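Observations on chain architecture
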Amino acid sequence: MEKELNDENLCFEQTGLKQFMSPAISALHEHNSITITDDEDLILSEEARSALLCHLNEACRIPSGDAFVEEDWGLSQFWYDNETSEILAKSALECAGEKGRIACVSSPSVYNQLQKISDSKENYLFEFDKRFQQKFPGQAIFYDYKSPLDLDPKFQMYFDVVVADPPFLSQECLEKFAQTIHFLTDKKIILCTGAVMEEDAKILMNVTPCNFTPQHEKKLGNEFKCYTNFYFDEIIYHNKS
Ligand SMILES: C[S@@+](CC[C@H](N)C(=O)[O-])C[C@H]1O[C@@H](n2cnc3c(N)ncnc32)[C@H](O)[C@@H]1O
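Please read all numbers here as calculations on a predicted model, not as lab measurements.

Residues in close proximity to the ligand total 22 residues, the closest being Ser-106, Ser-109, Phe-128, Asp-165 and Pro-167. The biggest single contributor to the shell around the ligand is helix α4 (residues 108–117), with three residues.

Right, here's the structure in full:
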């Protein structure tokens, strides 16, 4: 993905869309509706992208590995595979310590694993998709990164560990996530996002890439990394089954 495209709040899969689109593109070529060479990236407007993602979401109906909630690609939902969400949850728990508190920001599959291995009511999911408020009553807090500090004051510096995975690869989105994360903690940050965000992540949150690479149920078109502000790889290593 070209860095300059990020300012338009691109979904992770925008450049990966071409692989899903191949049959449709061939059909359109046959009807002379569009002209795209094989070497060009298909660039869609935000509206066209949302409509297409919704359509593909409906049309494909591929169950996610965890099958805990169907992915909504219009919300840029791409779940980790089971191994990744489990490792991240176990490792976050180890980092937080026995009485520690963990916030999962826009990372519901990590929270899903966390609540399986910890009874703590001090771990929360901050998430835009309201389906999770039904799934995790009392523990899922509505969160829209566009209002990054619209949060209950009780959560200010409340958490020992924050795990976050923003929906878009854009500086604007990461800046807002950084405001939220700095509000929630002054301790450990585990940020999972695209490799193209490395420089911004370092500037905004002083996080650097780990060796551990999160994996998704469905292959992403973008290189993906896990960034932390502490040494995380050894903890990840303990928690690999
Ligand atoms: C790339 S996915 C990260 C999910 C993570 N890989 C997982 O498996 O848990 C982005 C997440 O951002 C959420 N999201 C979408 N729009 C949002 C918004 N306006 N504010 C905050 N989160 C949003 C999505 O619902 C989704 O959970």
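Back to the text.
Attention now moves to helix α6 (residues 171–184). Here α6 spans 20 Å end to end across 14 residues, near enough to the 20 Å set by a 1.5 Å rise per residue. Burial in α6 covers these residues: Cys-173, Leu-174, Lys-176, Phe-177, Ala-178, Thr-180, Ile-181 and Leu-184. Elements that come into contact with the buried residues of α6 comprise β1 (102–105), β4 (161–164), β5 (188–194) and α7 (198–205).

This part takes up the pairing of strand β2 (residues 124–127). Residues Tyr-124 and Phe-126 line one face of β2 and the alternating positions Leu-125 and Glu-127 line the opposite face, and both faces are buried. Bridge count for β1 against β2 is three bridges, and the pairing is parallel. Paired with Ala-103 across the two strands is Tyr-124, which belongs to β2. Chirality of the crossover, the property in question, places the unit of β1, α4 and β2 among those that are right-handed. As judged from the three bridges shared by β2 and strand β3 (residues 140–142), these two strands associate in the parallel manner. Each bridged residue has a counterpart across the sheet, and for Leu-125 the counterpart in β3 is Ala-140.

Here Thr-180 lies in helix α6. When the C-alpha atoms of Thr-180 and Ala-164 are compared, they prove to be 10.0 Å apart, with 16 residues separating the residues in sequence. Among all residues touching Thr-180, those that are not within four sequence positions of it are Val-105, Tyr-145 and Pro-148.

Between α6 and α7, whose axes approach to 10 Å, the crossing angle comes to 30°. The angle between α6 and α7 places the two elements in the roughly parallel class. Considering only the axes of α6 and α7, their crossing is right-handed. Listed contacts from α7 to Gln-171, Leu-174, Glu-175, Ala-178 and Ile-181 of α6 are Asp-200, Ala-201, Leu-204 and Met-205.

Now for the pairing of β1. Here β1 shows a buried face lined by Ile-102 and Cys-104 and a second buried face lined by Ala-103 and Val-105. As defined by bridge partners, β1 adjoins β4 across four bridges and the pair is classed as parallel. Of the residues in β4, the one forming a bridge with Ala-103 is Val-162.

The phi angle at Ser-76 is positive, at roughly 60°, despite the residue not being glycine. Looking at the secondary structure, you find Ser-76 in the loop between α2 (46–60) and α3 (82–96). For Asn-206, which is not glycine, the phi dihedral falls at a positive 55°. Within the element layout of this structure, Asn-206 appears in the loop between α7 and β6 (208–209).

So, how was this worked out
- Residues numbered from 1 in each chain as written.
- Predicted model: local features only at pLDDT ≥ 70, side-chain atom pairs only at ≥ 80, totals over all residues.
- Near = placed C-beta within 6 Å.
- Helix = DSSP H or I, 4+ residues; strand = E, 2+ residues; numbered from the N terminus.
- Expected span 1.5 Å × (residues − 1).
- Buried ≥ 20, exposed ≤ 12 C-beta atoms within 10 Å, placed from the backbone.
- Contact = placed C-beta atoms within 7 Å.
- Pairing = 2+ DSSP bridges.
- Right-handed = clockwise from strand over helix to strand, strands pointing away.
- Axes fitted to C-alpha atoms, helices over the stretch in contact; angles between N-to-C directions.
- Parallel < 35°, antiparallel > 145°, perpendicular 65-115°, else oblique.
- Left-handed = near helix turned anticlockwise from the far one by under 90°.

Note that every value here comes from positions in space, so none of it alone points to a role or purpose.
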